[in-house]
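Report on the structure
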Amino acid sequence: MAGPEPQHTNVEGVDAGVGLTALLVAAARALETHRPDSLAQDAYAEHFVRAAPACADWPVRVQQVPDGDGNPLWGRFARYFGLRTRVLDDFLLRSVRTGARQVVLLGAGLDTRVFRLDWPSDCVVFEIDRAGVLAFKHRVLTDLPATPKAKRVPVPVDLRADWVTALTTAGFDPAAPSVWLAEGLLFYLPSPAETYLIDAVDRLTAEGSALAFEAKLEKDLLKYRDSAIYTATREQIGIDLLRLFDKGPRPDSAGGLRTKGWSTSVRTPFDFTHQHGRGPLPEPNDALEGNRWVFAHKPRP
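Residues numbered from 1 in each chain as written. Predicted model: local features only at pLDDT ≥ 70, side-chain atom pairs only at ≥ 80, totals over all residues. Heavy atoms only, no water.

1. Let's talk about the sheet that holds strand 6 (residues 263–267)
Spatial ordering of the open sheet is given by 3-2-1-4-5-7-6, a layout of 7 strands whose pairing is mixed. In the strand order of this sheet, the two ends are held by strand 3 (151–156) and strand 6, each with one partner. Between one strand axis and the next, the sheet turns through 15° on average, direction left out of account. Inspection of the sheet shows strand 2 (residues 124–129) paired to strand 3 by 6 bridges, in the parallel sense. Across the sheet, residue Phe126 finds its bridge partner in strand 3, namely Val153. (Pairing = 2+ DSSP bridges. Helix = DSSP H or I, 4+ residues; strand = E, 2+ residues; numbered from the N terminus. Axes fitted to C-alpha atoms, helices over the stretch in contact; angles between N-to-C directions.)

Here it is in structure tokens:
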């Protein structure tokens, strides 16, 4: 595998704001990959981190962190992302085993699931994100090299624009079962944009389809401003997540899907910590307290 990308790599789309959080999650996946008790393997993640000057000094192995897993950012928060990766990997693979052959990654960021998971040969993975993010990912992966394990269809469009038309034009078939993922996305969107997105998924999905997304239940996000995770992320890498999250009231998207006939399961990350024996546990002033992972299925008749 090729060495780190040169510093002049074009990083438009991932060099600031929400785009930079994609690199944070990639660094967490790199850390997870090299843990002896790893829940998810992503050999590509560290190459994204090394290709972007903004994070050239971020760790990609826990041994590079002075206080190791005691570090709130590169320990507990990174373990959260590692657990989330595994749980959502499992969800997607279960969905294709039960018939879905179209996978839609909303706000795909630096997701590498099409390269690292074992998909059925007739599966199609649509990656929706801004053109700059997808271009950066393409440049890094081209130099590795990386071979997709299913048909990969990048869909370069901002989710605030007409992504529905872009997706269907790219070949998505609303009449066939599909599985959708909005990982670490919805709490950056204004409430009307989230509602539009959830409604659009409902309109575009056939019976037998599935959707997973991450939600936050906090009435007051700023209540956790001084939590260890948010503080460490601000102070160590200059990302103020609370400035990036939308501050408006969140819609009840899980409830909205239930009224449309979907079955939904709303879980805490800590449920999966207990299931896998690895991951974050509750602590005082916990920024993860309000996080929920929602799994929804559109029943067959």
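Next, the rest of the story.
2. Structural notes on the side chain of Thr112
Among the secondary structure elements, Thr112 is positioned in the loop between strand 1 (102–106) and helix 4 (113–116). Judged by relative accessible area, Thr112 falls into the buried class, the value being 1%. In this structure, Thr112 is in contact with Arg29, Asp42, Tyr44 and Phe48, ignoring residues within four places of it in sequence. (Buried < 20%, exposed > 50% of the residue type's maximum accessible area, 1.4 Å probe, protein only. Contact = heavy atoms within 4.5 Å.)

3. Looking at the packing of helix 3 (residues 72–97) against helix 8 (residues 228–237)
One way to put it is that helix 3 packs onto helix 8 with a least axis distance of 9 Å and a crossing angle of 130°. It follows from the interaxial angle that helix 3 and helix 8 lie oblique. Both helix 3 and helix 8 take part in a crossing whose hand is left-handed. Counted together, Pro72, Leu73, Trp74, Arg76 and Phe77 of helix 3 and Ala228, Ile229, Ala232, Thr233, Gln236 and Ile237 of helix 8 form the full contact between these two elements. Partitioned by chemical class, the residues of the contact of helix 3 with helix 8 number 8 nonpolar, 2 polar and 1 charged. (Parallel < 35°, antiparallel > 145°, perpendicular 65-115°, else oblique. Left-handed = near helix turned anticlockwise from the far one by under 90°. Nonpolar A, V, L, I, M, F, W, Y, C, P; charged D, E, K, R; others polar.)

4. Section: the packing of helix 1 (residues 17–33) against helix 3
Here helix 1 crosses helix 3 at 85°, and the two axes come no closer than 8 Å. In terms of orientation, helix 1 and helix 3 fall into the roughly perpendicular class. Together, Leu24, Val25, Ala27, Ala28, Arg29, Leu31 and Glu32 of helix 1 and Leu73, Trp74, Ala78, Arg79, Phe81, Gly82, Arg84 and Thr85 of helix 3 make up the contact between the two elements.

5. Focus: the pairing of strand 4 (residues 178–182)
Counting buried positions over the 5 residues of strand 4 gives 5, a clear majority of the element. Side chains of strand 4 alternate between two faces, with Ser178, Trp180 and Ala182 and Val179 and Leu181 buried alike. Where strand 1 and strand 4 come together, 4 bridges link them in parallel fashion. Within strand 4, the position partnered with Leu105 by the bridge is Leu181. In the classification by handedness, the crossover that spans strand 4, the intervening helix 7 (residues 191–204) and the parallel strand 5 (residues 210–216) is right-handed. (Right-handed = clockwise from strand over helix to strand, strands pointing away.)

6. Let's talk about the packing of aromatic side chains
One pass over the structure, following the stated rule, counts 17 aromatic pairs. Summarising the aromatic geometry, the rings of Phe77 and Phe81 are spaced 4.6 Å apart at their centres and angled 40° between planes, so their arrangement reads as tilted. Residue Phe77 and its partner Phe81 are located together in helix 3, separated by 4 residues, close to a single helical turn. Summarising the aromatic geometry, the rings of Phe172 and Trp180 are spaced 5.4 Å apart at their centres and angled 75° between planes, so their arrangement reads as edge-to-face. In terms of burial, Phe172 and Trp180 fall into one category: buried. Every member of this aromatic cluster is reached through a ring pair, and the members are Phe77, Tyr80, Phe81, Phe91, Phe272, Trp293 and Phe295. (Phe/Tyr/Trp six-rings, centres within 6.5 Å; stacked < 30°, edge-to-face > 60°.)

7. So, the pattern of salt bridges
With the rule as written, the count across this model stands at 29 salt bridges. Measuring nitrogen to oxygen at the nearest pair gives 2.4 Å for the salt bridge that ties Arg113 to Asp111. Each member of the pair Arg113 and Asp111 is classed as buried. Close ionic contact of Arg113 with Glu183 constitutes a salt bridge, the shortest N to O distance being 2.8 Å. Placement of Arg113 in helix 4 and of Glu183 in the loop between strand 4 and helix 7 is noted, with a sequence separation of 70 residues between them. (Salt bridge = Lys/Arg side-chain N within 4 Å of Asp/Glu carboxyl O.)

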